[in-house]
Each structure stands twice: as structure tokens, then as C-alpha cells.
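# Structural features, examined
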Amino acid sequence: MWSVVSSGGLPARERFDWYADLISREVMPTVLSSERPAEFQGKAAVMALGELRVARFALSPLRSRRTPALIRRGDPEEYQLALLRKGATSLSQHRNVSTVRAGDLMLWDTSRPSDNEMLAEDGQVQATILLLPHAVLPLRTGRLDQLLARRIPGDRGLAAILASFMTALEDHGAQCAPEETWRLGKVAVDLATACLAQHLDIEEHLPAEVRAQALLQRIYAFIEHNLSDPELTPSVIAARHNISVRSLHQLFHGQEESVHTRIRRRRLERCRADLVRPDLRARHVHAIAARWGFSGPVVFSRSFRELYGISPTEFRARTVQESGADSSVRRSNPS
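This is a predicted model, so every value here is computed, not measured.

So, about empty space enclosed by the protein. Counted under the stated rule, the structure contains 1 cavity of 30 Å³ or more. Surrounding the largest cavity, 28 residues form its lining, Gln80, Trp108, Asn116, Met118 and Ile129 being those nearest its centre. Mapped by element, the contributors of at least two residues to the lining of the largest cavity are helix 1 (12–26), strand 4 (52–59), strand 5 (62–66), strand 6 (78–86), strand 7 (88–93), strand 9 (105–109), strand 10 (114–119) and strand 11 (125–133). Looking at the lining of the largest cavity, the element that brings in the most residues is strand 11, giving 4 residues. Partitioned by chemical class, the residues of the lining of the largest cavity number 19 nonpolar, 7 polar and 2 charged.

Now the structure itself:
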């Protein structure tokens, strides 16, 4: 569950000071400054994921500075790994300086002095941040120092998978049960570790369970991008990731579903989403099934009914009927 705070309900003249006090009190002592404090808007949310937290921010441009004196006053002793969603930020730490833009990641250490200037796009900066206690990352401090305030491109390798995971946390994390958030925290740590290790070129030194989790996330992404291919099979997946089919099934052994089940479920979910789209109502049900890799109408209809308790044709008819009823209600009760 997200814990959300916002400056929106305060008088304009009080918003920046309130936000600066909030960050220094609840996150870490920091000096914040703004060129236009009277126009400042800030919103923040935090969710616990076991040993770590994930935070999301949406705020007006500002500058944040951590000095040695402020670190002595209070230090959460965290690595903070940010995915920039909107705008840009220029960070200086440990003799490194770089600027990242939307889609990229950046790492910093709360135990070291830093200077961070956030630059807005359309008036706002947005970011999702993993707040990782030093102790949860199985990587040496001397190694991680090399990545502080360095741009990590979020469109390739494990960084792309981590960015996708962080985006999903922000968009859907509130729907997770408490026991699921602990599991998500473990995945977050393993993915962050694997991503950072890849950029340090030390993946082979990671614990076996971290490498396994990173490989599993790569396979999840591969499945997602190839659902439309009817030839997507365990053999193809194993060959693409340079492992045996037996190893692939062993990798999935501790998960909630097998590789076959995951492929089928994700295909059915994609089909279900298409069946409710008004712009696809002229497309035959079986054409939608073929679009998402089903080999034939019989297999698709049986699988759809097993998962949803209704045939795909009946599901679409019900959706159309409910949509028509909603439209009638809106016409009879205009706002």
C-alpha cells in the first residue's frame, strides 16, 4: 500500500517549505532550494517491500544538496537507485557528474555528499526510486562507488528489465497483498544487484540465486515480447538463453506456474484485453487468438473457458452488452 503525501492542499506560499521539511525529516537531512518556491508543487509516495522501500516523486524543479554535516546529522545508509520517468536530473557525487533523462537510471549513496539539480519537462520531474539499505546489496562498496552519479541507459540489458519492473511497481504495486510485497522486494533486490553487476562486468561473481532471478526476469521479458509467435516453446526459450530445456523447467520449479502455464496465461490475458476493445469488434475472435499465438480455435476456446469460465464469444457479447448499457445510462444522466 502506498503512503501518499502532497503539497496540493496547502497555501501556495507554504508548499515549498513544507516539502523541504518533510524530506529532511522523513527521508534524510537535505538542503532543498528552488528558483520559484511560490510556484512549487510536490507529491511523494512510499511503499514498503520487505527490507527495502520504493518511492515515487512528482515535483517542480529544485536543487538538493547533501553535505558532510547533514550526513552526520542523519543518514539512512541507503543506495538510492532512481528511474527517471519525466524531466532530467544532473547529479554530482564521488567525483562523478552526469545528467540523466527520462527512461534512464542513476545510483547514489546517502552516506556521501551529493549535489542534485532536477530539471523539469512541462513543469514537473517524475521518478521512481528503490531505497536499498547498504546491507541488502551483495556488492562491495568499492565496486559500487564506480557507478555513483553515472548514467545507466534504461533501454538495454538488465537495466531495461529493471526499469520495466520499477514501472510495474509504480503502476500496480498498490494491488499487491502484504505477502506479495515481500516477494517483490526480493525480486527488486536481485534485479538491482544483477543490473549493477552487469554494468560493473562482475556478473559471474554474483550469488547463484541472484543470477537465477535475473535469468528468470530475462525469460519473462522474452516471453512477453514473443507471445504472438506460435513457435514460442520451452525449447526455443531455452536455446535463446543458452540453457537446456531441463534447466529451464528447473528454473520455473519454484515459481507459481510452469513455463507452459505462463505462456498460455499471458496469451489469454492479451486476447481478453483485445476482446473488450471497441476498435477490434469487427475482428473475428479466432483472428485475435491467432494474433497472440494460439494454434487453433478449439485450443483457444477451451483454454479461455478454463481460465475465465466463459467462452471468448460469450465474453465479447457480454462486454458489448454492458458497454451499450453504460452508454444508455450516460445519455439519460448527463453530467
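On average, the protein scores 90 in pLDDT, and the residues at 70 or more come to 96%. For the protein, the element scoring lowest by mean pLDDT is helix 12 (residues 312–332), at 73; strand 9 scores highest, at 97.

Turning our eyes to something else, we now look at helix 1. Counted at 1.5 Å a residue, the expected span for helix 1 with its 15 residues is 21 Å, and the 22 Å between its end C-alpha atoms agrees. Considered for burial, the residues of helix 1 that qualify are Arg15, Phe16, Tyr19, Ala20, Leu22 and Ile23. Take helix 1 and look down its axis: the buried residues cluster within an arc of 160°, on one side only. Counted as exposed and oriented over 90 degrees from the buried face of helix 1: Arg13, Asp17 and Arg25. Of the surrounding elements, those touching the buried residues of helix 1 are strand 1 (3–6), strand 2 (31–33), strand 3 (42–49), strand 4 and strand 5.

Our focus in this paragraph is the side chain of threonine 110. Its location among the elements puts threonine 110 in the loop between strand 9 and strand 10. Overall, threonine 110 belongs to the buried group, its relative accessible area being 2%. Not counting residues up to four positions away in its chain, the partners in contact with threonine 110 are Met28, Arg66, Ile71, Asp75, Pro76, Glu77, Glu78 and Gln80.

In contact at an axis separation of 10 Å, helix 6 (residues 208–225) and helix 9 (residues 259–275) are set at 40° when each is read in the N-to-C sense. With respect to helix 9, the axis of helix 6 lies oblique. Handedness of the helix 6/helix 9 crossing: right-handed. Facing helix 6, whose interface residues are Tyr220, Ile223 and Glu224, helix 9 presents Val259, Arg262, Ile263, Arg266 and Arg270. Here the residues of the contact of helix 6 with helix 9 sort into 4 nonpolar, no polar and 4 charged.

It is worth spelling out the layout of surface pockets at this point. Of the voids in this model, the largest pocket is the one considered here, and its volume is about 1,400 Å³. Phe165, Leu184, Gln217, Tyr220 and Arg262 are, among the 31 residues lining the largest pocket, the residues nearest its centre. Within the residue set of the lining of the largest pocket, elements represented by two or more residues are helix 4 (157–172), helix 5 (178–200), helix 6 and helix 9. With 8 residues, helix 4 is the largest single contributor of residues to the lining of the largest pocket. Tallied by class, residues from the lining of the largest pocket come to 11 nonpolar, 10 polar and 10 charged. Its boundaries defined by the atoms lining it, the second largest pocket holds a volume of some 300 Å³. What lines the second largest pocket is a set of 14 residues, and nearest its centre among them are Ser34, Glu35, Arg36, Pro61 and Leu62. When contributions to the lining of the second largest pocket are tallied by element, the ones reaching two or more residues are strand 5 and strand 10. By residue class, the composition of the lining of the second largest pocket is 5 nonpolar, 4 polar and 5 charged.

Cut-off values and rules
- Residues numbered from 1 in each chain as written.
- Predicted model: local features only at pLDDT ≥ 70, side-chain atom pairs only at ≥ 80, totals over all residues.
- Heavy atoms only, no water.
- 1 Å grid on protein atoms, 1.4 Å probe; cavity = no way out; pocket = protein on both sides within 12 Å on 5 of 7 lines; lining within 4 Å.
- Points joined across faces, edges and corners; volume = space filled by probe spheres on them.
- Helix = DSSP H or I, 4+ residues; strand = E, 2+ residues; numbered from the N terminus.
- Nonpolar A, V, L, I, M, F, W, Y, C, P; charged D, E, K, R; others polar.
- pLDDT = per-residue confidence, 0-100.
- Expected span 1.5 Å × (residues − 1).
- Buried < 20%, exposed > 50% of the residue type's maximum accessible area, 1.4 Å probe, protein only.
- Arc of directions from axis to C-beta.
- Contact = heavy atoms within 4.5 Å.
- Axes fitted to C-alpha atoms, helices over the stretch in contact; angles between N-to-C directions.
- Parallel < 35°, antiparallel > 145°, perpendicular 65-115°, else oblique.
- Left-handed = near helix turned anticlockwise from the far one by under 90°.

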